[in-house]
Every structure is written in structure tokens, then in C-alpha cells.
Amino acid sequence: MRNNEPVAQSTSDGVPIAGAVGSVGLWEREREIAALTGLIADASAGAGRLALVEGVAGIGKSRLMGEAQTLASAAGFQVLTARGGELEQQFPFGIARQLFERTLADPQIRGRWLSGAAGAAASVFGSVDETPDDSRVSFAALHGLYWLAVNASLETPLLLVVDDLQWCDGSSLRFLDYLARRLDQLPVLVIAAARVGSDTPQGSNAALSWHLVSESASTTIRPAALSDEAVFGLIQEQLGRSPDPAFASECQRATTGNPLLLSELLRALGVEGVSPVDANTRQIRKIGPTAVRRTVLLRLARLSADALAVARTVAVADRQADRVVVAALAGLDEDQVTAAIRALVAAEILRPDQPTGFVHPLVRDAVYHDLSLAERDKQHARAARLLWDAGLSSEQVAGHLLFVSPRGDEWVADALIRAGRAAVRRGAEDSAVAFLTRALLEPLPGQQRAEVLFELGTAESLVNERTRSVDHLRAAVVSLADPVRRGAARQVLARILLITGPLDEAVGAAQAGVAELPPEQADLRQALESVELFPVAYGAPGPAAVRRLVQARAGVSGDGPGARMLTAVVAMHWALTGGSAAECVALARSALRDGQLIATDPALMTGVAVTVLGLADCDDAVSVLERAGAQAHRSGSMFALSGQHVLLGWIWMMRGELVEAEQTLWLADQEDPPSSEHSPANTGYARAVLCHVLVERGDLGGARSVLSNRGLPSPAVESLWLRGEVELLLAEGRFEAANQGADTYAAMQAVTMVNPMWAPWRSLKARALHGLGRPDEAIALLEQELVHARHWGVPGALAQTLRVLGTVVGTGGLDLLCEAVEVTEGSASRLEHAKALAALGVALRRARRPADAREPLRRALELATLCGAAGLSTRVLAELATCGGRPRRTKLTGVASLTPSERRVADLAAAGGSNHDIAQALFVTPKTVEVHLSSTYRKLQIPGRAGLPGLLTAAHEQGLFRKG
């Protein structure tokens, strides 16, 4: 029934993080300890996990965490611990800093653990009050912290313990989630304990922690309430005699078998001399509901006035309660504080480690909430002022000010604003939002308030709080006096409105900025013009704007970031409305030259320029996105990284790399950051393209599932959704519904948008009409599209129209199908080449030339298999059987079978990079590298990396690698 004696928990420097509360040991926890033992063994063998220990307060979560530390230490693990605190919920990366900071104080360990990609996390552990404004690190910090854990685990298996997760700061929660999704194949175990249930603290990060950590947890441990037998045993142990049945039953009812509540109830009964007999059940009912508070305050009342002052001070100061701070706040000298702490530890109220803290959050709650609201406000204000005067970081000061009513003191606003700016620079925008929101409650001067509104709105946009962001940016635009600052605010506002709508307000905000900027601000004006003209480039009405875009084709003046943004929009508009691929690609590459656009805007306008390259089947589209992805990691933009993965998935789809496309799009879907306001932007794009990919993969059920979970509607994404739905309906043979869907899709395209790679509505409708037995109407549409496809001049677009037209024409369309095969031979459009070969084979078989049909069908099958196009493979196999042919044995071997990711990893391995180095260079996990290399060895039929250099060099020389 009882496992062992009470377990002491330790911080990363070996000091216990929780002392015993009462005398309850680990009763009835055999199942939980067995689970922890198994997790430790798995992690020791390299199979990392995240375990979530959840339950109501007092159920024994911290005891289990302590037991895990003991077991892991005995198994040779490095154990690092942290505990969430109510006061530190907005302290940027507070939990991450607790986990690693003490150990990183050793210069030698710091040098090893923060080497390579982990160096991006260095700013998390330093002061950022004076860091330059361009050093935002949010996603870079997550990736750096991940590599910090990897580097630490290379020396010895690593256990990270986080208690009271419900009070964890948001940036650390995101780190834990980021790490948890990449733990497989690492000797790292993360155990987090969270309070759940009706007593979960209000205003905590409980909802966010639940969303992030519960989804990535491999194991959830839920300690159960104690049984009647255990309750009986505990009463006997603590009260010194066996209880009567009714007394034991009432103890069970009053505490619901909660170990801490039961222990405190029994402590209170023991103090009052209550015997465990049936006649005393009324005493249980009287004491039970407030047992913890009652016993804690009773123990405090028996101590000195100094001890009471120290306990209250520690309750306010929380994790900042070092003895110097406590002495200053309590009005005592350090000797008095030391004596008081000794007495509080003996009374099992405080734990004996540094910084001083309570043995359990419920004990702290009892002391803290015994203070009146006015007293709490006063004490937090005193603590904030003390820390401010002592020169501590603005973030630590602001943590107290969040609990203080508006003061009207200049230093309060200064501290909160500094803390908000520091949090942004550290990459913890959620903390910045809390600090800057609180700053607005102070009486700020007009222009300072306007600047805070601007900064707050920008920070909110970065954590997906876009409705609040728009409101605050609108207010900033009205209040800012400087037209340049107002223009900068309008630009941020307009870019958010491009995503959230309404588009006319986005355009209006940009236009207003353009109109009022002084002449010397030419580049900012062009940046605003790029946002103003962005909807027009994608087909929104605006004759005057169209004329400006047409005029700008001759060249945009200037060479700054704004000029590059405007050039990208001009290139996109021309690509959709009748330019040739050569003309539009030249403009897009002009926007991207020398990397300036990538450095300043890796998400929106870089994506616009890359879209033009993708529409033109340009090989450098992928390399540009890789550079933009690296910039997104450095700049800390999860939104930018997610958007780049959407674009990359789209490009892989068009090139026929369907497996790569599917993996990349799922990654983009997971990266769109969670928030209280779901953003349909990148998630919507990713799932819309994914629907198309799954149709090509032959997974119609998966495509239908994605289609039914598209999330919130967004006008910017709806066109892509419609295209995916029509593709699915055609694959399902539902031609009438597909025809209607194609009409709706066509109606969403502007008359001037004629590029068949961007909006192939004519091809889609033609396929539906052909299925309905209306070939003449289909042919008329396809002949129109063929004119545009020839003018665009890209093999994939031309072959697609030729193939569909040749299929609809029937026996007279063989020349068209042969041309479709010829134009895609050797091009990047491998899937379209496979479809053209398949269509030619089918046409030859229907023309009663089965022998001639077999070779194109075999080639189509080989390519479709390499592309991962299972639906096409199945259809081609059936055609081969019909014309009496047997497929050649398709082997996914040789250099041509390597996926783009496998090729990149193989090239780096051939150049001598270790798995660790390759993973850091490509921003992936070591396991991903290992999987790619294992697949590469199998496909190349070699035993290991020693054979890579010769094979890859020869393949490059012979041009055997597929493009991309």
C-alpha cells in the first residue's frame, strides 16, 4: 500500500525544491512509479519522452516529481528543475532560465552547451534591457534552447523537471512544446506537473499549457485519490490509533482522498486533540474545508512576529525572495530573517533551499490570501520599487507591477515599458503584451502613449492576437504626431489587415501613409505602396492601381527594401495578367537580388517574389526559400517560417515531389502558432494545398477529411480551397458537382487573371464537362487556355493544357499528347510528365495500338511511383493490364530516387558533416538526419556514408539528380 518514505526534491544545484508537507509519503503510487521508471529507462536508451503529471492540488504530483529525480539521478542522469510561480507568469523564458541558468554559470559548461545552433539561445540567459531593437529571437530562441538540451544530453542523459506548469510563462511553454515534438531518439526526459480541475488558478497559463504540452505528451500520469484502506492507514499513522469506521469514512469524504488535504486535516485534528472516534465526525466537517489554510495560519500564529512578517514577504516576493530582498521588505536585518526562516522551515511552511520558498503552492496561497487586497497591492508596490532601485531587470520589476493598481508614478510606466521592450527583444511577445497593456493604465504623456500603443499592437500581431492588435494600431495611427512613425504604424496595420481583412481598410491605411509621408521617405512610401497594390496584384478591382502596376514594369526607382517589395508585387501582377515567364522572372529576381528583401521581409513580399519563380518552374525558388527560412529562424518569426513551408510544399507539389510536399505542408500546419484568435492564414493555405496533394497521392479520404477541417473562412484562401475541392470531386467521379464547383472557382478569378498555373479553372471545368459527355464545350475552354499557356511559356503549364485537350479530343489528340510529353521531358514538372505519358498510353490503347501504348505506360508508372502519386500509379497499372503489358519492376533505388531532403542531407554528409552538424545546418532534428541517411543508403545500396562522395560526385557530373 505504501511505497516508501517521503521523497525530497532537488533543484539543479542539488537543493531540495519541496520539503515534506505533513507526513504523507508515497501511498498507493506503485503504478505511477513504474511508469516513471519505464520512462527513465527509455530516455536512457535514447528514446526521449515528455510525461505530464496532472491532478488537483495536493494529490501528490510534486512527490512523484521528487521520486523521478531520485530514480533518474541513480541512473546517471543530469537533473535540472524548475517551478512555475504565480508572480513569474510573464517573466520571459522564466522556466527555461530556471532549468539551465545555474549550470550555465560554469564558463566551461556554458561554452560547450551553447555551441553551434544553441548559441541562438544565449540572449535568453542574459540581460536584454539594452539590447538593440533588431535582436528579436523568439523562434531562434526556441530552436537554440532545443539545441542546448541536445548538447547537454550528449554528455549524459538529461531529465528536465517542471513543477506547477499552470504558472509557466508562455515563452517557456512554447519551448517545452518545441522540445517535446523533437525528443524521439534523444536521451532526454521531460516531466511536467500541472494543476488541473476546479482549483486551477484563474489568470494562469493553464489553458495554454494544456494546449501545448498535453498534445505533445507521450505519457500522462494522473495520481488517483487515496483508497479507503490508505486513508485508514494514514489516520492510524498520524493520530496514533486505529480510527472508527465512521470517522475514517468522514475523513475520506471531507478530503476526497487527497493526500495533502488529508494530512493537513489530521494535523489540525491532532493539534486540537481530537481522537479518531465516531463521535468526533462533526469536528471533521468543521475543519475539513479549510484544513490547509487553518493549519498553516495556526502554525504561523505560534511563531514570532518576525516569522509572520517573513512568511508574508516571501508570499509576495515569490521566487525573488532571497534573504537580502526579504530583509528589506520585512524591515528586518539579515540575522533576524535567518532566524525567522529557520523557524518557518521547522514548522514545515518554508523549504530550506535558496531562493526561499513555500513547501507547497497551497501553503503559499494560505499566507498570501490572508493579506487583504490593499496589503497585497502595497507589498507588491514596495517590492517593485526596491528591485527597481537595486537595479534589477525591468522584467523582474514589472512582474510585481502587474499586481499593483495604477500608481501615477513616472518610474512605474518607465519600468513597464522597458520590460515590454526587453520581452520583445528576448522573443517573448506574450510577456511584452502583458507589460505594455499594464503600462497603458498609467497616465502617460500623449506621444509616449501613442508609441506604447504602436509597440503593443505590433507585439500582439506577433502572438496572433490580431483583433486587439488592429485596435491598438488604429489608435496609434490616430495619436502619433510624427508622419514617419505614423507611416510605420500604418504599414504594420495594413499588413495585418491583408490577412484578417477588411482588405479595403488595409488599402486605405496604406494609401493614407503614402499621401502624408515627406518626400525624403521614398522607400517607406514604396513599402506602403506594395501593401496598397498587393490585393490588385491578385485580382482585386482597381483600374488606377492597375495602371500604376503596369507603369512600374519598366522599373521601380530606388534600391531599398520598399523598392524591392514593390517590384515583387509588380512581378506577381504581370505573371497573373499576361506576362511571359521570362519577363516576370526577371522582375522577381531583381526584387530578390543580394538578399536585401529576404533580410527585411522574409515572409510576405519574399513569398510574393518566390511565387513568381514557382509559377515559372525556376530551380532557384527552392534555394531562395531555404535562405528565407534561415532568416526566419534568425529573426524569430514563426509566422514567416510557416508561410515559407506552405510555399515550399506548393512548389514540391508542382514538381511532383508529393511525399516531400505532404510532409512540408503538415509541418507548416503545426507551425502556425496557437492563440486565442485562430489565424486562418498559413493554416488555411497549408491545408488547401495539402488537399490537392492528397488527391494526387490517391488518399481521397484524407483529402476529404482535410477539406472538412479547413477552420475559419478567409477570402484570401477560399479560392485555393475551391480548387482543391474541385480536384477531389473530379477524382471521385462526381462530375456534376465538379462542374458547379469549377463555375464558382472561375467566378472568384478576375477577368484579367489568365495564367493557367495560378488559376486553371478552364482545365478543371473542361475535365468536368468531358465527364458529363459535353466535349465541344470543354474543347472551346481548353483552346482559350492553350493560348495563355503558350504565352506563359512554362513546360508544366503548357503540358497540363495539352494533355487535357488531347484527352478530350480523343483519337485526334495524339499529336497534342505527344507534344505534352516532349515539352516536359527533362523538366522540373516530373508529375506532369508522368501524367502526359499516361494519357498518351491510354490514347494509344484506345486507338487499338496496345503494343505502342505499353512503353509510355511503363515509363508513366515508374515516374508516378517515384513521385508518390499512388492514384496515378493505380490507374496506369490497370491500363497496362488492359493492353496486355507487364510493368517493369519499379525499384526506388539510385540517385534519381532520392527526395530533395535526402539529397541535401546526403550532400552534407558526403562533405564530412556529422549528423549533429547537418541537423543544426538544416534546422531539423538529429533523428530526421538519421532517417534520411538510412533511406539514402538503402536507395543507393551502400552500407554507409563512406560510399556517398563518389556516388554523388558522379551523379552530379552526369546530371542524374532530378531538378529542385
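Let me begin by describing the structure that accompanies this report. Note that residues are indexed from 1 along each chain, following the sequence as it is written. In keeping with the predicted nature of the model, local features appear solely for residues at pLDDT of at least 70, side-chain atom pairs appear and are counted solely at 80 or more, and the whole-chain, interface and lining totals rest on all residues. Water and hydrogen atoms play no part in the side-chain values, which are based on all heavy atoms of the structure.

Points about the overall build of the chain
Secondary structure is summarised from DSSP: a helix means a run of H or I of at least four residues, a strand means a run of E of at least two, and numbering begins at the N terminus for each. The helix and strand inventory of the chain stands at 48 helices and nine strands. Accessibility here uses a 1.4 Å probe with only protein chains present; expressed as a share of the type maximum, an area under 20% marks a residue as buried, one over 50% as exposed, and anything in between as partly exposed. Counting over 964 residues, the chain shows a buried share of 58%. Contacts: residue pairs with any heavy atoms within 4.5 Å of one another. If you take every contact in the chain between residues at least 6 apart in sequence, the share linking residues at least 24 apart comes to 70%. A total accessible area of about 36,200 Å² is found for the chain, and carbon and sulfur atoms account for 54% of it. The method behind every accessible area is Shrake-Rupley, applied with a 1.4 Å probe, and residues are considered shielded solely by the protein chains displayed.

As for the sheet that holds strand S7 (residues 219–221)
Taken in spatial order, the five strands line up as S4-S5-S6-S3-S7 in an open sheet, and their pairing is parallel. Among the strands making up the open sheet, the edge pair consists of strand S4 (78–83) and S7. Each neighbouring strand pair of the sheet contributes to a mean axis angle of 15 degrees, computed without reference to strand direction. Only strands that DSSP links by at least two bridges are regarded as paired with each other. Strand direction decides the pairing type here: strand S5 (residues 158–163) and strand S6 (residues 188–195), joined by five bridges, are parallel. Across the sheet, the residue bridging to valine 161 is isoleucine 191, located in S6. Across the sheet, helix H1 (residues 30–44) lies against strand S3 (49–55), S6 and S7, angled at about 150 degrees from S6, the strand it touches most. Fitted lines through C-alpha atoms give the axes, limited to the stretch in contact for helices. The angle between two N-to-C directions lies from 0 to 180 degrees.

Some words on empty space enclosed by the protein
Both site types are read off a 1 Å grid over the protein atoms alone. A 1.4 Å probe that fits but cannot get out defines a cavity, while an open set with protein on both sides within 12 Å along at least five of seven lines defines a pocket; lining residues have an atom within 4 Å of a point. Grid points are joined across faces, edges and corners, and a volume is the space filled by probe spheres set on the points. Taken as a whole and assessed by the stated rule, the structure comprises six cavities of 30 Å³ or more. The computed volume of the second largest cavity comes to approximately 200 Å³. Along the wall of the second largest cavity there are 15 residues; nearest its centre are Arg83, Gly84, Asp318, Arg351 and Phe358. If you list the elements that add at least two residues to the lining of the second largest cavity, you get strand S9 (357–358) and helix H16 (361–368).

Remarks on the side chain of glutamine 749
Mapping glutamine 749 onto the fold places it in the loop between helix H37 (735–747) and helix H38 (761–771). Take glutamine 749: its relative accessible area is 10%, and that puts it in the buried class. Definition of a polar contact: a pair of N or O atoms within 3.5 Å, with one able to donate and the other able to accept a hydrogen when the atoms are protein atoms, and with sequence-neighbouring residues admitted only if both atoms are side-chain atoms. There is a polar contact of 2.9 Å between the side chain of glutamine 749 and the side chain of serine 719.

Description of the packing of helix H46 (residues 915–922) against helix H47 (residues 926–940)
Remark: H46 packs on H47, axes separated minimally by 8 Å, with the N-to-C direction vectors making an angle of 110 degrees. In terms of their interaxial angle, H46 and H47 are classed as roughly perpendicular. Contacts between H46 and H47 involve Asn915, Ile918 and Ala919 from the former and Pro926, Val929, Glu930 and Leu933 from the latter. By residue class, the composition of the contact of H46 with H47 is five nonpolar, one polar and one charged. In what follows, roughly perpendicular refers to angles from 65 to 115 degrees, roughly parallel to angles under 35, roughly antiparallel to angles over 145, and oblique to any angle outside these ranges. The classification used treats Ala, Val, Leu, Ile, Met, Phe, Trp, Tyr, Cys and Pro as nonpolar, Asp, Glu, Lys and Arg as charged, and all other residues, Gly among them, as polar.

Remarks on the packing of helix H28 (residues 581–592) against helix H30 (residues 604–615)
Look at H28 against H30: their axes get within 9 Å of each other, and the N-to-C directions meet at 150 degrees. For the crossing formed where H28 meets H30, the hand is left-handed. Counting all contacts with H28, which are made through Cys584, Val585, Ala588, Arg589 and Leu592, the residues of H30 involved are Thr606, Ala609, Val612 and Leu613. Residue composition of the contact of H28 with H30, grouped by class: seven nonpolar, one polar and one charged. Here a crossing is called left-handed whenever its near helix is offset anticlockwise from the far helix by less than a right angle, and right-handed whenever the offset is clockwise.

Topic: the packing of aromatic side chains
Two aromatic rings, taken as a pair, are described by how far apart their centres are and by the angle between their planes. Each Phe, Tyr or Trp ring (for Trp, its six-membered ring) is paired with any other whose centre lies within 6.5 Å, and the angle between the two planes then decides the class: stacked below 30 degrees, edge-to-face above 60, tilted in between. Under the criterion given, the structure shown has seven aromatic pairs. Judged by centre distance (4.9 Å) and plane angle (40 degrees), the ring pair of phenylalanine 534 and tyrosine 538 falls under tilted. Among the aromatic residues, those joined into a cluster by ring pairs are Phe100, Phe125 and Phe175. In this arrangement the basic side chain of arginine 182 is found over the ring face of tyrosine 178, its NZ or CZ atom lying 3.6 Å from the centre. Any Lys NZ or Arg CZ that is within 6 Å of a ring centre and within 35 degrees of that ring's normal is treated as a charge sitting over the ring. The ring of tyrosine 368 is capped by arginine 364, whose NZ or CZ atom sits 4.2 Å from the centre of that ring.

Examining H47
The span you would expect from a helix comes to 1.5 Å times its residue count less one. Here H47 is 15 residues long and its end C-alpha atoms lie 21 Å apart, about the 21 Å a rise of 1.5 Å per residue gives. All buried positions along H47 are accounted for by Pro926, Val929, His932, Leu933, Ser935, Thr936, Tyr937, Lys939 and Leu940. Looking one or two residues past H47, glutamine 941 carries a phi angle of roughly 55 degrees, positive in sign.

Brief notes about a negative patch on the surface
A contiguous patch of negative charge, built from Asp322, Asp333, Glu334 and Asp335, is present on the exposed surface. Note on placement: aspartate 335 falls in helix H15 (residues 334–346). Only residues whose relative accessible area exceeds 30% and that take part in no salt bridge are eligible for patches, with like-charged residues grouped when within 9 Å of each other and nonpolar side chains (Val, Leu, Ile, Met, Phe, Trp, Tyr) grouped when within 5 Å. We define a salt bridge as a contact between a side-chain nitrogen of Lys or Arg and a carboxyl oxygen of Asp or Glu at a distance within 4 Å. When charges are counted, neither His nor the chain ends are considered; positive counts come from Lys and Arg and negative counts from Asp and Glu. Here the site of a charge means NZ on Lys, CZ on Arg, CG on Asp, or CD on Glu.

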